[in-house]
Amino acid sequence: MNKLYQMLLLSFLPVISMAQMPDRTDMTRDTIHLSEVVISANLPLGNKDLLDYYRTNHFATIDNINARLEGMSLIKRGAYALEPMLHGFSGGQLNVTIDGMKMFGACTDKMDPVTSYIEPTNLKNISINQGTNGNMNGCNVGGSVDMTLQEPEETSSDIPFTSVGFGYESVSRGRNILFSSGLSKNKWAWGIDGVYRKNENYRDGNNQLIPFSQFEKTNIHSVLKYTTSGNSFMKADFLYDLAHNVGYPALPMDVSKARATLAALEFNRNGKTKLKAKVYFNSVLHVMDDSKRDSTFFLKNNTTGKNDTVFMRMDMPGESSTFGTYLQAERFWNPKNKLSLKIDNYTNHSLAEMTMHMNRKSTVPEPPMYMQTWPEMLRNVTGLFLQNTTFASDKFQLTVNGRLDYNIDVLQSEYGQQQFSVFGYSLAKKQSRLVKSLNLSSQYSLGKYVSANATLGYSERLPTITERLGFYLYNAYDGYDYIGNPYIKTEKSDFIRMEIQLAKSNLKINLSQSLSLVHDYILGITNPDIPPMNFYTNGTRIYSNIPSARLFSTDLDLLYTPVKAISVFMISKFTFGELNSGEAIPLIPPLKNIISVKYQKENFSVQVENESSLAQNRINKSYGETTSPAYSIFQVKGSYVIHFRHVVADIGWGISNLLNKAYYDHLDWGRINRPGRNVELLLKFSF
């Protein structure tokens, strides 16, 4: 890796001679705007024309939006908190942050991805970067998703404002309430937004009730902003999200409580040198609960040979808290070069416990059995990110960026050491690692409307706590218990991506292809020497490094406006994943296509959408996969806006799964059908 360090150093030597230069905008702004449309860069959620294609209605969840983003798929275990997957990468292979802030779920079974604690009404932007190029907020191999929180604009003519909306969904008797408000005076501005949702069990296309698919949640976000001068401001964010009675039909357990709080203080200055400094804290509490499930099993009695009735239930709480800070700067140091820098640090504390209560009918109750599925651990990471963009000409731009992350893991629990000593591990209380990333990107304008982008990169990522120290984590998909590997190697990826874009006023097209060669790919490998911990698992798997894996993806996005009132949006995405053995990587989605046609004239709009997926027959049976059939569903929605003095009323309706098709997606655990025909009604007042 000496060459890597030399490349990194040489790339930033010009910083030494940095001088004050006038500001300038990015080259080929129109092309950059196309990237925003196709989510290679920023998706401006405030842009109504684009937003309508990404959200089904005003009450759409963050999952509804993510499902329509380039390269994004969702792993579904229930009707709530779907796990994002980007081009076949998920979990610890992705950086998912909130305005650059690190936050980690507290569930060992990935039932609470960070996206589940955010609502669309909280958001200003979603930024996605593909592959190793998404390293601004941490070294990683699969990319990054950064969600910027909404903030009031004190200069906006819309302030003060208030809006409140009510919605109903027939398929789950879902009741939704949303609100937002903003005030400003002199240098102060304040905003508040939130959502309340309550959904009962939904019915599928066969009119069958899907048990344990209910959920209820409350979300509120408040932000206070103070303009210290003409080009700088401070703001304080507070976010609270509480979900309870959340069912997971594909899992043996539900969630009685999932709670997140976030507080942040930020200083921002826009000048020749743009500065952004932030300090933040967030905490997550997640309580898995099987009290409403049938916890009765039948175990063969070795003495009598008869079945013995066994009752076993589990308490599984988990908690995660993160304190962090970062400093970000950006400046043109000469007319052709822009430098970006970010220094950040965070400390995460995690602990997950499990207490099993077992009672055989024929014997007295057994004492509770306790273990730490995530031993109590502190993870501290300090990172340095540098990027230089050279605007070589009006047609050519070159960007090089690199990052170093230094990590220290401190095992705080004696339990953790004792648990892993069973398998012969002598755990060090402290372990440190250095991971790195280097990327080179270029953009070339081939003409007035066409440009081409290319990215070449290398990156490593830290193993997650689950992969290092997870202890008997049951995976309901393949039926195995998973154990971490305290000394597992870092995962590494070589990445290449090509894009070609057409950006005309009425037609925008983006075609991209990505290839990741992942070395020391982390996967659970069956260990036949370790017996199953209980009577309903297939065995035990240990997270291990396999030599390599390959992931290829291609995406096509199109936005076409043939006449002023009609627009067409289409997105197609395909991913192929293969292990070095030639077997398929588990849980890779097949080709999926979404196409929307919208008619809008004055205050009236109607939109028809089709979502189709091919069958997935390339599967890995060793990991519990089965083939999934193709499907095609239709949705329709419309709205009418009424202006009455200072009040705007937005009347909306929609029908999803119009033909009431019974279907499921390949990434849906348990082959559980998705909702059947759903009629949505909404009424929103803004004043």
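**Here's the deal with the confidence of the model for the chain**
Working step 1: Put simply, the chain has an average pLDDT of 88, and 90% of its residues get 70 or more.
Working step 2: Residue range residues 1–46 is modelled with pLDDT below 50. Its contacts to residues more than four positions away, or to other chains, number 110 contacts.

**Here's the deal with the packing of aromatic side chains**
Working step 1: In this structure the tally under the stated criterion is 14 aromatic pairs.
Working step 2: Each ring, one from Phe104 and one from Tyr346, has its centre 5.7 Å from the other, and the planes form 40°; the classification is tilted. Linking Phe104 in the loop between β6 (101–102) and β7 (123–130) with Tyr346 in strand β18 (residues 337–360), this pair joins segments that are 242 residues apart in sequence.
Working step 3: The class of Phe104 is partly exposed, set by a relative accessible area of 29%.
Working step 4: Pairing Phe423 with Phe471 gives two aromatic rings, centres 5.9 Å apart and planes at 50°, and the pair type is tilted. Of this pair, Phe423 sits in the loop between α5 (414–421) and β21 (430–445) while Phe471 is found in the loop between α6 (465–469) and β23 (473–475), placing the two residues 48 residues apart along the sequence.
Working step 5: By way of ring pairs, the aromatic residues Phe420, Phe423, Tyr425, Phe471 and Tyr472 are connected into one cluster.
Working step 6: Directly above the ring of Phe212 sits Arg293, whose terminal nitrogen or CZ lies 3.9 Å from the centroid.

**Brief notes about the pattern of salt bridges**
Working step 1: Applying the stated criterion to the full structure yields 35 salt bridges.
Working step 2: Glu119 is paired through a salt bridge with Arg197; the nearest N and O atoms lie 2.6 Å apart. Highlighted residues: Glu119 in the loop between β6 and β7 and Arg197 in strand β11 (residues 188–199), separated in sequence by 78 residues.
Working step 3: What makes Glu119 buried here is its relative accessible area of 3%.
Working step 4: Between Arg550 and Glu578 there is a salt bridge, with the nearest N and O atoms lying 2.5 Å from each other.

**A look at the sheet that holds strand β3 (residues 83–86)**
Working step 1: Spatially, β2-β3-β4 is the arrangement adopted by the three strands of the open sheet, whose pairing is antiparallel. Looking at which strands have only one partner, the edges of the open sheet turn out to be β2 (72–75) and β4 (89–90).

**Here we look at the side chain of Arg433**
Working step 1: Assignment of secondary structure puts Arg433 in strand β21.
Working step 2: For Arg433, which is buried and forms no salt bridge, the nearest opposite charge comes from Asp409, at a distance of 5.7 Å.
Working step 3: At 3.0 Å, the side chain of Arg433 forms a polar contact with the side chain of Gln431.
Working step 4: Setting aside residues up to four positions removed in sequence, Arg433 forms contacts with Asp405, Tyr406, Asn407, Leu462, Pro463, Arg468, Pro486, Tyr487, Ile488, Lys489 and Thr490.

**Some details on the environment of Trp190**
Working step 1: Locating Trp190 in the fold gives a position in strand β11.
Working step 2: Sequence-wise, Trp190 and Val223 are 33 residues apart; in three dimensions their C-alpha atoms are separated by 5.8 Å.
Working step 3: Excluding anything up to four places from it in sequence, Trp190 contacts Pro152, Ser181, Gly182, Leu183, Ser222, Val223 and Leu224.
Working step 4: A distance of 3.0 Å separates a polar atom in the side chain of Trp190 from a polar atom in the side chain of Ser222.

The rules behind the values
- Residues numbered from 1 in each chain as written.
- Predicted model: local features only at pLDDT ≥ 70, side-chain atom pairs only at ≥ 80, totals over all residues.
- Heavy atoms only, no water.
- pLDDT = per-residue confidence, 0-100.
- Contact = heavy atoms within 4.5 Å.
- Phe/Tyr/Trp six-rings, centres within 6.5 Å; stacked < 30°, edge-to-face > 60°.
- Helix = DSSP H or I, 4+ residues; strand = E, 2+ residues; numbered from the N terminus.
- Buried < 20%, exposed > 50% of the residue type's maximum accessible area, 1.4 Å probe, protein only.
- Lys NZ or Arg CZ within 6 Å of the ring centre and 35° of its normal.
- Salt bridge = Lys/Arg side-chain N within 4 Å of Asp/Glu carboxyl O.
- Pairing = 2+ DSSP bridges.
- Lys, Arg positive; Asp, Glu negative; His and termini not counted.
- Polar contact = N/O pair within 3.5 Å; in protein donor to acceptor, adjacent residues only side chain to side chain.

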